[in-house]
Amino acid sequence: MGRGKIVIRRIDNSTSRQVTFSKRRNGLLKKAKELAILCDAEVGVMIFSSTGKLYDFSSTSMKAVIDRYNKAKEDHQQLSNPTSEVKYNRITENIATSAIIQTNSQLINLQQDV
């Protein structure tokens, strides 16, 4: 016989809530470790309790996982927002063009002086 379904809502009783948090936290961290081992995945999990205590697991260093996440997020944002890349390209083209114009003006002035 299977387990009955529970309603997902905040547990009012603080003792029951703490016990549930502890059990589910341990289960989540165990699953993260298993996923890292079985699938050779880079896994990082951070959990903050209601009191602010940190519980974490990482298959490599947590800093490496966070850095990889931030880079992937940044890359995704650049791909999903091509207008910012187009604006950047236009700005760099304008800077290059103005530098060329300025250099040409200086060359013309030098030629006139000679």
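Residues numbered from 1 in each chain as written. Predicted model: local features only at pLDDT ≥ 70, side-chain atom pairs only at ≥ 80, totals over all residues. Heavy atoms only, no water.

A word on the overall build of the protein chain
Helix and strand counts for the protein chain come out as three helices and two strands. Taken from N to C terminus, the helices and strands of the protein chain fall in the order α-β-β-α-α. Relative to a compact globule of 114 residues, whose C-alpha radius of gyration would be 13 Å, the protein chain shows 28 Å and is clearly more extended. C-alpha atoms of the protein chain, sized along the principal axes, occupy 95 × 30 × 30 Å. Going through the 114 residues of the protein chain one by one, you find that 11% of them count as buried. Looking at the protein chain alone, contacts between residues at least 24 apart form 16% of all its contacts between residues at least 6 apart. Element-wise, carbon and sulfur atoms account for 57% of the exposed surface of the protein chain, whose accessible area totals about 10200 Å². Where the 18 positive side-chain charges of the protein chain centre and where its 11 negative ones centre are 19 Å apart. (Helix = DSSP H or I, 4+ residues; strand = E, 2+ residues; numbered from the N terminus. Rg over C-alpha atoms; globule rule 2.2 N^0.38 Å. Buried < 20%, exposed > 50% of the residue type's maximum accessible area, 1.4 Å probe, protein only. Contact = heavy atoms within 4.5 Å. Areas by Shrake-Rupley, 256 points an atom, 1.4 Å probe, with all protein chains shown as cover. Lys, Arg positive; Asp, Glu negative; His and termini not counted. Charge placed at Lys NZ, Arg CZ, Asp CG, Glu CD.)

With respect to the packing of aromatic side chains
One pass over the full model with this rule turns up one aromatic pair. Here the guanidinium or amino end of R25 rests over the ring plane of Y55, the centre of that ring lying 4.0 Å away. (Phe/Tyr/Trp six-rings, centres within 6.5 Å; stacked < 30°, edge-to-face > 60°. Lys NZ or Arg CZ within 6 Å of the ring centre and 35° of its normal.)

Brief notes about the side chain of S49
As for its placement among the helices and strands, S49 is situated in the loop between β1 (44-48) and β2 (54-58). Among all residues touching S49, those that are not within four sequence positions of it are F21 and Y55.

Examining a nonpolar patch on the surface
Together, M46, F48, L54 and I66 give the surface a local cluster of nonpolar side chains, amounting to about 380 Å² of exposed area. Considering the arrangement of structural elements, one finds I66 in helix α2 (residues 62-80). (Patch = residues over 30% accessible without salt bridge, like charges linked within 9 Å, V, L, I, M, F, W, Y side chains within 5 Å. Salt bridge = Lys/Arg side-chain N within 4 Å of Asp/Glu carboxyl O.)

A short note on the nonpolar core
Among the nonpolar cores identified, the biggest contains eight residues, and these are L29, A32, A36, V43, V45, I47, Y55 and F57. Broken down by secondary-structure element, the contributors of at least two residues to this core are α1 (14-39), β1 and β2. With three residues, the top contributor of residues to this core is α1. What V43 contacts, discounting residues up to four positions off in sequence, is A32, L35, A36, F57, S58, S59 and V65. (Core = buried A, V, L, I, M, F, W, Y, C linked by side-chain atoms within 4.5 Å.)

Some details on the confidence of the model for the protein chain
Per-residue pLDDT for the protein chain averages 86, and the proportion of residues at 70 or more is 90%. Highest mean pLDDT in the protein chain belongs to α1 (97); lowest belongs to helix α3 (residues 82-113) (71). (pLDDT = per-residue confidence, 0-100.)

Structural notes on the pairing of β2
Burial along β2 is one-sided: Y55 and F57 are buried, and none of L54, D56 and S58, which face the opposite way, are. For β1 and β2, the ladder comprises five bridges, and the chain directions are antiparallel. Along β2, the bridge assignment pairs M46 with D56. With antiparallel pairing between neighbouring strands as the criterion, β1 and β2 make up a hairpin whose turn holds five residues, including G52 at a positive phi of roughly 95 degrees. (Pairing = 2+ DSSP bridges.)

What to know about unusual backbone geometry
Despite not being glycine, D40 shows a phi value in the positive range, around 50 degrees. Of the residues examined, D40 reaches a relative accessible area of 72% and is grouped as exposed.

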